[in-house]
Each structure stands twice: as structure tokens, then as C-alpha cells.
Amino acid sequence: TNVLAVACNAERRELYTGSTDAEIAVWSTDDGRHLRDLGGRQGHQGRVSALLYCTPHKVLFSGSLDHQLLLWSPSKNEPPSKTKFSSPIFSLCYNKKLDQLYAGGDSGVTVFNITKGKARLQPLVFFSDSKDFVTGIVAGTNGRVYCGSFDQKVVCYDPNLENIPEQNGSHDCHDRGITSIDIDPNNNNIITGSYDKTVKVWATDQRRALRNLQVLDLGATVTSVALVELTGSVWVASVGNPPTVYDPRTGTNLTEFLSRDPRTDVLSFTKFVSFDRGMTVVGCTDTKQLVIWKYNPHAAVSVMHGHTDWVEVVKVFPNHPHRVISGGGDSAVRCWEASSHMYPGLMIPSTCMLGHVGSILCAAFSPDGDTLLTGSDDTTVRAWNVTENPEKLNLGDPCQHVMTGHTARVTDLVVIGHLCVSVSWDHSIRMWDFLTGHLGYTIPHAHDTAINGIAAAADRHEFATCSGDRMCYVWHVWSRRCVAALAGHEADVTNIAWNAVPELWATCSDDMSVRLWTTDGTCAHVMVLDGSWEGFTTMGIDVRTGWVMLGLKDNTMHVVDVAKELTVQVHRGHTDAIRSILHVPEKNHYITGSWDHTMRVWQAHTRRRQIFSQRTTAAVASEEETSSRYAETHPILHPKSMSDPKRGELASIPTRSGQEDSLSAMLEQKEQLKKQSRCFQMLNDLEAQLTKDLFLFGHAHEAPKPVVTTGKKSGAAKDKDDSRSSGPGIGLDRESDRPPLSSTQAGSHKGGASGTNAGPTTSSRRLPPAGGRSRSTEPGSERESRSRGESSGTLPAINQRSSGMGSTTSTKARRSESRVPPRSHSSMA
């Protein structure tokens, strides 16, 4: 039978429905099971048209067309208490402020007082202000009651000093009968739906007048409206349409930003009811079905539709957190902007840039946000002009440069200063000047297998790469030297990121572990996931808390505190693998891109206590610093500083002269430390600038030809060669500029290299093949095999030396050749 009324008991997790068969069915809100029926001979004899569960009194009220108002005690097996009514009952409402029950009938409203303790009804007054039956009654937080009826009017009642409501005038609101009414408790705005196919929002004032705020045209008869307080939205049911969600403040249609379920899109709903501030929303269909939605605080704030294929990368503009770009399998770079300042989480597409002939796999912004760099499986890197500055805006083709050189797909890239550093499945690292589009330098064999990812620590002028050879290497930008090796993973390393909060490198691998590394390559912490977790698809960093955001193969995103091995938050909603995770701290949002062709915005987790403690600590530190300066100026008048345990020297000095001498010595030492710190800072800046200038100067001229030395070296050359193998680059491999491994690391590295030399495995990087649409991730193509050449079957030179293979003469020759980069490694050659 058709459902006419719905009520919910949140404490017992029960749902009550009244229908045309005069029965009240009880359902479980957890699993939807039918529990029992209320009715029979003791129940109604006509259609149950109104239901209301009163939480303060823990009773259920039911109204019917049989002119009876019944009071049920769901927790007790007792017959209901019956109250005879003068007309059929169509609506019920409880006024919490006055503890009164309102029942809407054929041409008016009856008010009942609820006797406390016994939960009995006492008729108080009847108002016959409506000319037709009352379809809905709502009560505001101020005690006023609003009734909508079929005579197109909304009647307002306001209690007087004796708590007896008095009629305060009616208002013509619609051109046809009102079918539903609800109220926003935050501002007491009234929402009404009507047969005239519109939804209207009304504002109330002190004079009890109604002022129209919004008019929403649905194009079909509106059968029900329900306000969901937790989300601040209105759910509208109309004839022949799926659910429609609006913002009552602005009239914005939010339906397209919500997650759509194909099962509910084909249903036509006749009624929506919201319970417990929106924790539960129940919908009734014209096919005699009930659909229950439950509020999920970790659900997506909005869903962005627009890509015609999977989404692989999402990035936010550095200076505009309300603008986002995305790219993926449709070879298009799409820009998204916030719909308005009121909805920072609702992103709408603005522009689309085309140019790549393959899938877009990675992207990065320049520091000023005017240039966007993208890498694709078409082996190219493109620089796009995305500035909003009219002076820099290019009205023609937004693509400024196309940088070619990689022989396999570009899997990831980062931007440091004016350099773009890209990595590829061709095992190489290439540095580009994206302002000119020229290749600056190439590290041809940075890894033994395909490189999966790259991350940058711009403040340290370093970047790190990860690969299917189970290794990660940290490189210095200007010297192009490997400064650390991160060895310890037992399977392909799929992602790497720089965690600026604890200043550690973070990696995740197919060995189901997440590791944190210090800048010198020491493993600081290992978090091994249990068997219930599936593999990783991507990784990101919460820039405020330092937590690691992991995308898993079960299409969920987990926010993890690796140091405590604690899962902080879980987000569910994507229907396919998550390939990109981004944190926008300015809006406190996470943004994810997935292979389900959508991007989703999530509410980020915040540690309020930690933020408060950090603010408190900062305030205390500021106070201590102020008191210390005061103590230096007035040592005797500020005894607190003398008793401070941090200044034990002052407390141990008994005389004024001793105090003055100690203070002068401390001030002198403080000035010396300041001078030393300034000198150190100046030296560091000068060294970085000189290195950068040397790098630029070296590539402004034609690269010299390789020098091949034969015969025996002179003593000076030998001393020079020995001196180069000491210091920061001690023991570096001249072929790949990588540091030597220990016996343990060499063994794990050797085991990782064997079997993976033919290219990355499927689990090393879940990427689609070149060309775009298919999701096959087999990288062993003929082109990649040709690019590796005969080296695919040999071990790296670093392992040959560690195991004693190779002659001393050939090693010296290789070192001599590697001092000068080949011509093909420089774009200026």
C-alpha cells in the first residue's frame, strides 16, 4: 500500500509508516527489516494520514481519516490512548517550547496540552482560520506556529501571555494549494511547496509578516519539501522527477554537486521527511518503497563531473585556493572555480585546454602560479599560460612550450624555482628551464627500472625519486648529485612525498608499508598495514598536521598518523581507484581525483586541541621572551626571571655587580652568536647562488666533447680524482651519481633489481598504457625494450663494484668519461 506518513524514533532506531491499509508498520533503520505492526482492532479504522514521534515524552501520535487521534507507547505493550476528533486529521506538529500538540484538520487547527507524567492530551483551543484542510504545520524556535493549507494560504499563530495561541493573520503564498511546509530552525525561514510547481522561501520578522526570499520553479507539481538542518539544504519531491536539492538561502541547485546513485535516479518520490536535524532522511516513492539516507560527516562535500574519462591528477593554484586544475584520460586540462564565496566547496568548470595527444599523468605549478606544467604518456612536457594578469595573458594558444626528450611516458614532475624536473619510464631524470623550454640537464640512468614518482623539498633545494627497483634517491638540484639513498622497501615503491611538518620523506610501497625517512636516508618509522588493507593507489600529505593521506585499492581514502600508527579519518564515496589526493588548507578541504571520472571535495580533519595547544605554547613563549628582555634591563626589579630554572646563573649570583657582569657577558655572547648566525646564513646563500650561477653558466655554452683517458694517470690527476671521491659525494657511482649501498641494502637492491630490469611491474605504478583509454598497465612494450637496449640483462655498476666484478682500468676509464656530460645530455649542445 502507499505510504502516507512517516515518523522516526532515533533512540530505538525504529521507523514508523502509516499507509492506506490503516496499519502502522515498524521498521529497523539499521537494516530495513520489518519488525512489527501497530493496529488491528485497537488501531485505526481508516487511512493513517499523520504520524509524529514526541521525543521528550517518548510517545507516538497517529492521526487518521477516521477522526481519531491515537497515542502509542512503543516501549510498552499497551493499547493506545484514543482522542475523538471533530474532523479527519491530516497533519501533526509538536511545539517544544510550549509543550503542546497541534493537529490539522478539515478547516482548522486544534491545540492540545500534553499532561506530563501520564502523556495524556487535553484539548485547549480550536482555530478555524483555514477554508480547506491543513496539509502541514511547523513550529519555530520562538514558539510561533505556521500552518499551510489547500486554500493557498499560510496562517501564523503566536502565543499570548497565557500561552494560548492567537491567530495573527493569513498570507496568500501560492497560486494553488500548498502541499507541504517546513521551517529552518536557524533563522525561522518558512519553505513551502505547492501545486503551482514552485517552492518558495519566506522570511519572518517581528511583526509576524512573511517576506518572499526565493522562488524555485520545478516544472512539476511539488509534493513534499524537507529541510536538512545539518547540511542547510532543502530536499524537494516533485511528480516524475528524481530528488532535487536546493540551498534555501540563494536558490542554488545543489543536485549536480551531490553523489548520484543510479538506483534512486530512476525512482519518483512523493514525500521526504527529515529527522534528528537531518541525521536521517526518509523518502517515499510512488512504487510503495522506502529509501533511507543517513548523514555521513565524512562524506564528500561536493562531486565534480566534467571529465569524459578517468581523472589522474588534481592540483590547486598556489595563490588562488578557489581554483583547481585536473587532467586525465581525456587528454584535457580542465580548470575549475568555486561557484561563489558562499560555496567554496562547489567547483564548476571554467576553461578547458587541449594539446596533449595522450593521457595527462602529472602536473605542477610554477611558484607564482602563472605557468602550469603537465606531463603525459605522449612523452612530452607542456608549459601552459594560466595567469590572470592581463599583462602576461596570452590571448592565443595557452601552450607556451612543448618540451620533448623523454622516450617513454612522463610519470611525474615537480617545479623548483625556474626548473621543471620530470621523471619517466625511460629511467631518466630531466631538468628543464620552463621559461624557455630548453633542456638543462639529464641523468640518464637514475634508476634501474621505471621511475614512478618524484617529490620536492624546495627549501632544501632537493628532490627525491622512487622506482620499481625498491629504491628511492634524494638529489640536490644544482649539483645534480645524489645525497641520500632510501633503502628498505621489499617491493616496488609507488609514491613518495615530502612532509614539511616533521621534515621527513614519506614513501609507500607494494609491500604494504608506509615509511618515514630522515633527510640523510635513515628510516625513522615504519607502518606495516595488516591483511585487511588493500594496496595503495596514491599518497598525499596534510600540510597542517603532517598526516599521510592514502588512497587504497578499495576506492577509499584513509588519513593516517604514521608516527602513532593510527587511522584518523576514512572517506568513502568513489566507485573506482583514487589516483590523486590534494590538501587545500585555506579551505580545510581534501580534493581527490578518481578513475570513476569524478573529483570529490571532502572536509579535512582538524586537530582543535593541538591547534589550541600550539597557540597557547606560542603565547607562553612570547610572554617568556618579553619577560627575558625585561630581566636583562631590570634584573633586580624582576625577581621572577632570577628564579627561573632556565636562568640558573642569575639566581646563583648574590651581588649587583656580579649580576651586571653576568648580564654583560650574556649580552656579549648573544651578539657574537647573532653575528655568527648572520655569517653562516650569508655563506649558505652565497654558496647556493654560486652553485646556481655555475649551473646556468655551464649550460649557456656548448658542452665540451667527452674526454677518454688512456694509459696511466699522473700523480696530480690521481690525487685530484681521490679528492673528488671524498666529502659530500664520497663513493659516488660516476655512471648514475648514486651513493654506494651497505651490504644489507645492496642485497635488497640486488634482489629488487633482478626480475624488474625488463620494466616496471603492474603493481609498481597503476597507470594506463600510452594512447589513453585502456587501463592495462603492462609496461613491457617493444619501444621501452629498445630504449633499454642491451643493459636490460645486466646488473647496475654499483652492484658490480660491490661484488668485485670488473677491472680497475675499466672503472677508472668510466670515471674519467663521466666527468664531462655527453652532448646529448644538454639542450644547449
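Notes on the structure in this doc start here. (Residues numbered from 1 in each chain as written. Predicted model: local features only at pLDDT ≥ 70, side-chain atom pairs only at ≥ 80, totals over all residues. Heavy atoms only, no water.)

## Comments concerning the overall build of the protein chain
Line of reasoning, step 1. Helix and strand counts for the protein chain stand at ten helices and 54 strands.
Line of reasoning, step 2. Relative to its 829 residues, the protein chain shows a buried fraction of 51%.
Line of reasoning, step 3. Counting contacts in the protein chain only where the partners sit at least 6 residues apart, residues at least 24 apart contribute 46% of the total.
Line of reasoning, step 4. Of the roughly 38500 Å² of accessible surface on the protein chain, a fraction of 51% belongs to carbon and sulfur atoms. (Helix = DSSP H or I, 4+ residues; strand = E, 2+ residues; numbered from the N terminus. Buried < 20%, exposed > 50% of the residue type's maximum accessible area, 1.4 Å probe, protein only. Contact = heavy atoms within 4.5 Å. Areas by Shrake-Rupley, 256 points an atom, 1.4 Å probe, with all protein chains shown as cover.)

## Focus on the sheet that holds strand E39 (residues 438–443)
Strand pairing within a sheet occurs via backbone hydrogen bonds; the two strands may be parallel or antiparallel.
Line of reasoning, step 1. Here we have four strands laid out as an open sheet, ordered E36-E37-E38-E39, and antiparallel in their pairing. Only two strands of the sheet have a single partner each, and these edge strands are strand E36 (410–416) and E39. Strand-to-strand twist of the sheet, defined as the mean angle between neighbouring strand axes without regard to direction, takes the value 25°.
Line of reasoning, step 2. Pairing of strand E38 (residues 429–433) with E39 involves five bridges; the strand directions are antiparallel. Within the sheet, the bridge partner assigned to Trp432 lies in E39 and is Leu439. (Pairing = 2+ DSSP bridges. Axes fitted to C-alpha atoms, helices over the stretch in contact; angles between N-to-C directions.)

## Concerning the environment of Glu337
Line of reasoning, step 1. For Glu337, the location among the structural elements is in strand E30 (residues 332–340).
Line of reasoning, step 2. For the pair Glu337 and Met347, spaced ten residues apart in the sequence, the C-alpha separation amounts to 5.1 Å.
Line of reasoning, step 3. When sequence neighbours within four positions are dropped, the list of residues in contact with Glu337 reads His322, Arg323, Leu346, Met347, Ile348 and Ser350.

## Observations concerning the pairing of strand E7 (residues 68–72)
Line of reasoning, step 1. Counting buried positions over the five residues of E7 gives five, a clear majority of the element.
Line of reasoning, step 2. Every second residue of E7 is oriented toward a common face, with Gln68, Leu70 and Trp72 on one face and Leu69 and Leu71 on the other, all of them buried.
Line of reasoning, step 3. Here strand E6 (residues 59–64) pairs with E7 via four bridges, running antiparallel. Among the inter-strand pairings, Gly63 is bridged to a residue of E7, identified as Leu69.
Line of reasoning, step 4. Following E6, the chain reverses through three residues before pairing antiparallel with E7; His67 in that reversal takes a positive phi of roughly 65°.
Line of reasoning, step 5. Where E7 meets strand E8 (residues 81–84), four bridges bridge the pair, whose relative direction is antiparallel. Residue pairing in the sheet places Leu71 in a bridge with Ser81 of E8.

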